[in-house]
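What follows is the residue order along each chain.
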Amino acid sequence: MAETASRRPAPPDVDRRAASEAAVAARRARAAVKKSIASREVSPLTVLDHATAQPDGVEGRLRVTEFLLSVPAIGTTKMNEALAKLGISPAKRLGGLGRHQRLRLRDFLIERENKAGRQRNQLVVLAGPTAVGKGTVSTYIRENYPDVLLSVSATTRAPRPGEVDGVNYYFVDDEEFDRMIEEGELLEYATVHNAYRYGTPRGPIEKALDDGKSVLLEIDLQGARSVRESMPEARLIFLLPPTWEELVRRLIGRGTEDSAEQARRLETAKVELAAQDEFDHRVVNHDVAEAAREVVDLMKVRAAPSRP
């Protein structure tokens, strides 16, 4: 057997060359990520989010040691202390962290940013495909994080069961929506799913930002792009479903659209999912409470004390 194994032909030169080129490309990609962290072009939290969403991607393949050493003001000693405190093996890659390890690492990074006194982006946009749970996550934030002002959008569609005017949306007719556009009262507006119009009232947002409050906008992809153009300092978060199958289940399960509309919205969702790289952060909605916490963490706002 040993003699047979020794006679196995070596891989063709072209295979070795391709593998070598791929390895070099991967190293360069990881080096670019580390450089962007070190130069503060990208937040370590963003890199951690990308690693979570795509464990086999460039960020996911980063060893946690490489990652931490890229963070400004963290050297070998501080890195080793952090790993010991967080209970993370130096051999771990970012994409291979367990849920609790990832959450501990996230808290560590946020605490460092808070201590450094860095200015936070106070305007945050939450977007994502249909039925991903944007409204559910936003409602949880409104009910559990009073320091966050959740912007209320205006829409021409009718209320769904349980929705309250002025809380979930401002439900207006087409004439009123036209008036708001003409008088410049909307920060952004768009027609969604080729059906109804949605828009973000400008006044409450500008007042809240002037008062130093954090503002969360829960809007569609078109609206997120419009906000980025008009307010480039805004931070954009893309809410992802755990899997495509789960997104389909949620859409069908809510029962608010007929089968033809469901099929059309699913086709739209594929296009929306393809735009996630336009966003600063990605949060996977496995669990509403956890997804809400991740969104608020990115806003650097702490939860209110729990009630007894």
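Residues numbered from 1 in each chain as written. Predicted model: local features only at pLDDT ≥ 70, side-chain atom pairs only at ≥ 80, totals over all residues. Heavy atoms only, no water.

The name that an unreviewed UniProt entry assigns to the protein is Guanylate kinase, with the source organism given as Leifsonia aquatica. On record in UniProt, under Function (unreviewed entry), the comment for the protein is "Essential for recycling GMP and indirectly, cGMP." (UniProt positions renumbered as here; feature names shortened; annotations may be inferred.)

Draft legend 1. Main features of the overall build of the protein. When its secondary structure is counted, the protein shows 13 helices and 9 strands. Residues counted as buried form 44% of the 308 residues belonging to the protein. When the accessible surface of the protein is split by element, carbon and sulfur atoms take 51% of a total near 16500 Å². (Helix = DSSP H or I, 4+ residues; strand = E, 2+ residues; numbered from the N terminus. Buried < 20%, exposed > 50% of the residue type's maximum accessible area, 1.4 Å probe, protein only. Areas by Shrake-Rupley, 256 points an atom, 1.4 Å probe, with all protein chains shown as cover.)

Draft legend 2. Helix α12 (residues 259-273), seen in detail. The terminal C-alpha atoms of α12 lie 21 Å apart, and with 15 residues this matches the ideal 21 Å at 1.5 Å per residue to within 8%. Taken residue by residue, α12 has Gln-262, Arg-265, Leu-266, Ala-269, Glu-272 and Leu-273 as its buried positions. The buried residues of α12 occupy an angular sector of 115° when the element is viewed end-on, so they sit on one face. Exposed residues pointing more than 90 degrees away from the buried face of α12 are listed as Ala-260 and Val-271. Where α12 is buried, its residues meet α10 (221-230), β8 (235-240) and α11 (244-254). (Expected span 1.5 Å × (residues − 1). Arc of directions from axis to C-beta. Contact = heavy atoms within 4.5 Å.)

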